[in-house]
Amino acid sequence: MTDRKAFTTLTLLILLVPVLFVSGCTGELSAEEIAEQMQEKEASIQDYSYTMQITSYIGNQTRESEIQTLQKKPDKTKTVIIKPEEEAGTIVVSDGEFMWTYDPKTNTAMKMEMPDTPILGELDSAGIIGEFLNKTDVSLLGMEEIDGRPAYLLEANPKEEGEGLLFVDGMKLWVDKETWMPLRYEMYDSSGNLMMELEIRDLEINQGIPDSEFVFEVPEGATVKTLNFDSLIPEEMTLEEARESAGFEILVPEYLPEGYAFNYSTVSNNSLIAPEGQASETVFLRYENEEGDYIFLSETLYENEAQEAPIMDSAEEVSINGMEGKYLTLGDMNILSWKIRDIDLSLTTSLKKDEMLKIAESISEKA
């Protein structure tokens, strides 16, 4: 699996849906021509709003989320989390110059100046589309109605194994006949298991959303933190550089499967954005083979005890050098997590469990 699979799945889908319809119907247009048609369709949309309902299925866990979204060209956006309850009321809003993130539970607002260079949502759509179409077979299955709107039902599958989006190896998409906006997605793993459903409700196009919707008013008594966008992107570095930068001893595996070698590492600290008492420092180590398959090893030291992610509730319990660990399959990726002293470790790779356990068991503190 290559780095390109790390693109945000939803961002790619929003860019690709109009193109998928065109390619499914004609199969003769070039990627450049398809991109032009997509841009022509999109050019007529100045603003839109919708509510997205998301249901994910991981192991024995079902997680439901609901998010309200408003967007206005060229660069204004606002999202409000409705559920789950523990995240309800969280707001992310940008007026194009600054992005604000507000957490009502801690009454904390983070302000970040938007970078001059394009970020996700303003990527080279033609280039992304061309690559996607080269790796994906798209077919038109018919018409269905979503939220009272007629929609084209499309199916997209990777032409070659491992060429899907992120952990996704198959998709069904419902595309609004009138606006070419995506109304529903279903995402499947390589075994055909449903991993995630997304449905867009109450879609409104070109309603004249006022700029005032994207102005954030700091609540009374809120703590305000100012961030720099570049500071949120960790720099790739050598292992030696990471050891000099990290605030704790970095643990490395003595065993790696044949063909894998160290690629790069990053060191990040979230103390500027984390709520009080919840700061952490994380080191990522990436190992890769010539085929582009990778092993990610993350090591995190928390200021206080970290809460286990709900996704691991359904994980299988395993033993690593006598220590408790958890193993979880997520699509075609496998996750192994455990702890050495006060460091939380996690392996993420497509390798099988036995190989992952061998790697984990070769990691230990220096005497």
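Residues numbered from 1 in each chain as written. Predicted model: local features only at pLDDT ≥ 70, side-chain atom pairs only at ≥ 80, totals over all residues. Heavy atoms only, no water.

Let's talk about the sheet that holds strand β18 (residues 333-340)
Our working definition: Any two strands are treated as partners once DSSP identifies two or more bridges connecting them. Only DSSP runs of H or I covering at least 4 residues are called helices, and only runs of E covering at least 2 are called strands; the numbering of each starts at the N terminus. Every axis corresponds to a line fitted to the C-alpha atoms, with the helix fit spanning only the stretch in contact, and the corresponding angles, defined between N-to-C directions, vary from 0 to 180 degrees.
Read from one edge to the other, the open sheet built from seven strands follows the order β13-β14-β15-β19-β18-β17-β16, with strand pairing classed as antiparallel. One side of each edge strand has no neighbouring strand; the edge strands of this open sheet are β13 (261-269) and β16 (316-320). Mean inter-strand twist for the sheet, computed between neighbouring axes without regard to direction, equals 20°. Taken together, the eight bridges between β13 and strand β14 (residues 280-288) define a ladder with antiparallel strand orientation. The residue bridging tyrosine 264 from the neighbouring strand is arginine 286, located in β14.

Structural notes on the pattern of salt bridges
The criterion, for reference: Any carboxyl oxygen of Asp or Glu within 4 Å of a side-chain nitrogen of Lys or Arg constitutes a salt bridge here. Note on classification: 1.4 Å probe, protein chains only; a residue is buried when its accessible area is under 20% of the maximum for its type, exposed when over 50%, partly exposed between these limits.
Across all of its chains, the model carries 16 salt bridges by this definition. The salt bridge partner of glutamate 64 is lysine 83, with a shortest N-O separation of 3.9 Å. In this pair, glutamate 64 sits in strand β2 (residues 61-72) while lysine 83 sits in strand β3 (residues 76-83), placing the two residues 19 residues apart along the sequence. With a closest N to O distance of 3.9 Å, lysine 339 and aspartate 344 form a salt bridge. Residue class for lysine 339 comes out partly exposed when judged on its relative accessible area of 27%. Salt bridges sharing partners connect three or more residues here, namely Asp147, Arg184, Glu186, Glu197, Glu199 and Arg201.

Points about a negative patch on the surface
The cut-off we apply is this: Two joining distances apply to patches: 9 Å for like charges and 5 Å for nonpolar side chains (Val, Leu, Ile, Met, Phe, Trp, Tyr), and every residue must have over 30% relative accessible area and no salt bridge. We get accessible surface area from the Shrake-Rupley algorithm with a probe of 1.4 Å; when it comes to residues, only the shown protein chains can shield them. In this tally Asp and Glu are treated as negative and Lys and Arg as positive; neither His nor the chain ends contributes. Working definition for charges: the position is that of NZ of Lys, CZ of Arg, CG of Asp or CD of Glu.
Negative charge collects at one region of the surface, where Glu235, Glu236, Glu240, Glu241 and Glu244 lie side by side. Structurally, the position occupied by glutamate 236 is in the loop between β12 (223-227) and α4 (239-245).

Overview of helix α5 (residues 353-361)
Spelled out, the test is: Within this analysis, the arc is defined by the directions that extend from the helix axis to the C-beta atoms. Two residues form a contact once any of their heavy atoms are found within 4.5 Å.
Residues of α5 that are buried: Met356, Leu357, Ile359 and Ala360. One face of α5 carries all of its buried residues, which in axial projection span an arc of 160°. Structurally, α5 contributes buried residues whose contacts are with β15 (294-302), β16, β17 (323-330), β18 and β19 (343-349).

Remember that the coordinates give geometry; whether it matters functionally is a separate question.
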